[in-house]
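Residue-level structure breakdown
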Amino acid sequence: MMKKKIVFLGTPAIVVPVLERLLADNSEFEVVAVVSQPPTRAPRGQSLMPSPVHQRALAAGLPVLTPENAKAADFLQELKLLKPDLFVTAAYGQVLSEEFLSIAGFGTLNIHPSLLPLYRGAAPVQRALEDGVEVTGVTIARTVRAMDAGPIVVQREYRPGDKIKAPELLELLFAIGASTLIEVLPEYFAGKLELVEQDHQRATKARKLAIEEGLLNPDVQSSQVIHNKVRAFAGWPGTRMKLMNGDEPIEVKVITTDALLNSKAKSRDIIFANGALELVCGDGSVLNILELQAPGKRAVTARDFWNGLRIKSLRWA
């Protein structure tokens, strides 16, 4: 039996494990090429740095295509010459054309870290955590021209709890997605899976993150809202808060938090208690700040921050 030929499209480190699973579990298929975003300038240097997926593909001896535009005619022609049976995408980062979607006989399968039709778009994990969802998951869906709107091949649910942050949840969901993809590919190739059309009336959007969203405001945001934002925006864009140390303004990065039921702190005042900074928000709810980072400093525990800053009186601005 001829192995099915797969072309994998992905870019960031978070989806390298997907490529690795495809390379390891290949009794019925083989990865014949990889597509990734073009190399970028290395920090503080002039050299170009291939994406993490690109680097892993090179280590595996695979040909790598890095088109500036995935709709370019020469790129599409190169793909056609490979005669792929299936495209698999995971956080690739470019919009795919109708012509692209027609190349592979078994179409294109995308690993999306949400339970579609919920959280379609660029930041599904971050928006789900920001909303404080109790259940999320991963979807493998057939790609169509409309973003994340194709029929569902399979879904897996996951309960994230109230502590996990976006980078860890992304990693976990893509790992679940990779395992699930390997599990269902034989049946998919055999035509034994019934694809399910999404309920488009239930669709929600996960809009791209903006850096200004990371500024926390306890005056109008409850402790639960802030806690969810800290988890959701970990990594990028991060979260920050304006404080006053006596008469000196200071803007800190907020790294880890928790929500409390009560505190001895007064409105706008911040006290150190039980190894954390306790902050009373405008609505009376209490935020526990466990880790934070002062300007030009490394991230530290609340205790180290309190001891190292020579606190006069601390409050949120």
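Just so we're clear, the structure is a prediction, and the values are computed from it rather than from any experiment.

Definitions and cut-offs
- Numbers given for residues are sequential positions, taken from 1 along each chain in its written order.
- Reporting in this predicted model follows two pLDDT cut-offs: at least 70 for local features of residues, and 80 or more for side-chain atom pairs to be given and counted; totals over whole chains, interfaces and linings ignore these cut-offs and use all residues.
- With hydrogens and water stripped out, all remaining heavy atoms of the structure feed into the side-chain values.
- Numbering of helices and strands starts at the N terminus; helices are DSSP runs of H or I of at least 4 residues and strands are runs of E of at least 2.
- Buried, partly exposed and exposed residues are distinguished by accessible area as a fraction of the type maximum, computed with a 1.4 Å probe on protein chains only: under 20%, between the cut-offs, and over 50%, respectively.
- Computed by Shrake-Rupley with a 1.4 Å probe, the accessible areas treat only the displayed protein chains as cover when residues are assessed.
- Lys and Arg are tallied as positive, Asp and Glu as negative. Neither His nor the chain termini are counted.
- To locate a charge, the coordinates of NZ of Lys, CZ of Arg, CG of Asp or CD of Glu are taken.
- Definitions used throughout: a 1 Å grid over protein atoms alone; a cavity as a set of points that fits a 1.4 Å probe which cannot get out; a pocket as an open set with protein on both sides within 12 Å along at least five of seven lines; a lining residue as one with an atom within 4 Å of a point.
- Grid points are joined across faces, edges and corners, and a volume is the space filled by probe spheres set on the points.
- Nonpolar residues are Ala, Val, Leu, Ile, Met, Phe, Trp, Tyr, Cys and Pro. Charged residues are Asp, Glu, Lys and Arg, and all others, Gly as well, are polar.
- Throughout, nonpolar core names a set of buried Ala, Val, Leu, Ile, Met, Phe, Trp, Tyr and Cys residues whose side chains join them through atoms within 4.5 Å.
- Note on definitions: a residue-residue contact is assigned when non-hydrogen atoms from the two residues lie within 4.5 Å.
- The rule is short: rings of Phe, Tyr and Trp, with Trp giving its six-membered ring, pair when the centres are within 6.5 Å, and they are stacked under 30 degrees, edge-to-face over 60, tilted in between.
- Whether a charge sits over a ring depends on NZ of Lys or CZ of Arg being within 6 Å of the ring centre and within 35 degrees of the ring normal.
- Two strands are counted as paired when DSSP detects at least two bridges linking them.
- Lines fitted to the C-alpha atoms define the axes, with helices restricted to the stretch that makes contact. Angles between their N-to-C directions range from 0 to 180 degrees.

This next bit is on the overall build of the protein. A tally of helices and strands in the protein yields eight helices and 18 strands. With the principal axes as the frame, the protein shows a C-alpha extent of 75 × 45 × 30 Å. Per-residue burial for the protein yields a buried fraction of 48% across its 317 residues. Split by element, the accessible area of the protein, about 15800 Å² in all, is 51% carbon and sulfur. Distance between charge centroids for the protein: 4 Å, based on 37 positive and 35 negative side chains.

Counted as a void, the largest pocket has a volume near 1100 Å³. Elements with a contribution of two residues or more to the lining of the largest pocket: strand 6 (86-90), strand 7 (108-112), helix 5 (124-130), strand 9 (136-142) and helix 6 (166-189). The element that contributes the greatest number of residues to the lining of the largest pocket is helix 6, accounting for four residues. Estimates place the volume of the second largest pocket at around 270 Å³. Every residue lining the second largest pocket is counted, 18 residues in all, and those nearest its centre are Gly 238, Thr 239, Lys 253, Val 254 and Ile 255. Contributing elements (two or more residues each) for the lining of the second largest pocket: strand 12 (239-245) and strand 13 (248-260). Per-element tally for the lining of the second largest pocket: the top contributor is strand 13, with five residues. Of the residues assigned to the lining of the second largest pocket, the class counts are nine nonpolar, five polar and four charged.

For the rest of this paragraph, the subject is the nonpolar core. In a soluble, globular protein the nonpolar side chains are often hidden away together inside. By size, the foremost hydrophobic cluster in this structure holds 42 residues, and its most contacted members are Phe 8, Leu 22 and Leu 185. Per element, the largest residue contribution to this core is 12 residues, and it comes from helix 6. Leu 22 has contacts with Ile 6, Phe 8, Phe 29, Val 31, Val 88, Leu 181, Ile 182 and Leu 185, leaving out every residue within four places of it along the chain. Ile 226, Val 254, Phe 305 and Trp 316 belong to the second largest nonpolar core, which has 22 residues in total.

The next point concerns the packing of aromatic side chains. Applying the stated criterion to the full structure yields five aromatic pairs. For the ring pair Phe 87 and Phe 100, a centre distance of 4.2 Å and an interplane angle of 25° mean the geometry is stacked. One end of the pair, Phe 87, is in strand 6; the other, Phe 100, is in helix 4 (residues 98-101), and 13 residues separate them in sequence. By the burial criterion, Phe 87 is buried, and Phe 100 matches it. Where Phe 272 meets Trp 306, the ring centres are 6.0 Å apart and the plane angle is 25°; that geometry is what we call stacked. Of this pair, Phe 272 sits in strand 14 (residues 270-273) while Trp 306 sits in helix 8 (residues 302-308); the two residues are 34 residues apart in sequence, bridging distant segments of the chain. Accessibility expressed as a relative area gives 24% for Trp 306, which makes it partly exposed. Every member of this aromatic cluster is reached through a ring pair, and the members are Phe 106, Tyr 188 and Phe 189. Sitting above the plane of the Phe 189 ring, Lys 4 keeps its charged end 5.6 Å from the centroid.

This part takes up the sheet that holds strand 1 (residues 4-10). Strand pairing in a sheet relies on backbone hydrogen bonds. The paired strands run either parallel or antiparallel. Spatial ordering of the open sheet is given by 5-2-1-6-7-9-10, a layout of seven strands whose pairing is mixed. Strand pairing shows two members of the sheet lacking a second neighbour, strand 5 (64-65) and strand 10 (152-158), which therefore form its edges. In the sheet, strand 1 pairs with strand 6 via five bridges, with the strands oriented parallel. Bridging across to strand 6, Phe 8 finds its partner in Val 88. Against the sheet, helix 1 (residues 16-24) contacts strand 1, strand 2 (29-35), strand 6 and strand 7, and its axis sits at roughly 145° relative to strand 2. Where helix 6 meets the sheet, it contacts strand 1, strand 2, strand 6, strand 7, strand 9 and strand 10, and its direction lies at approximately 145° from that of strand 10.

What follows covers the side chain of Gln 198. Mapped onto the fold, Gln 198 is located in the loop between helix 6 and strand 11 (205-206). For Gln 198, a relative accessible area of 5% corresponds to the buried category. Not counting chain neighbours up to four residues away, the residues in contact with Gln 198 comprise Leu 116, Pro 117, Arg 120, Asp 148, Ala 149, Gly 150 and Ile 152.

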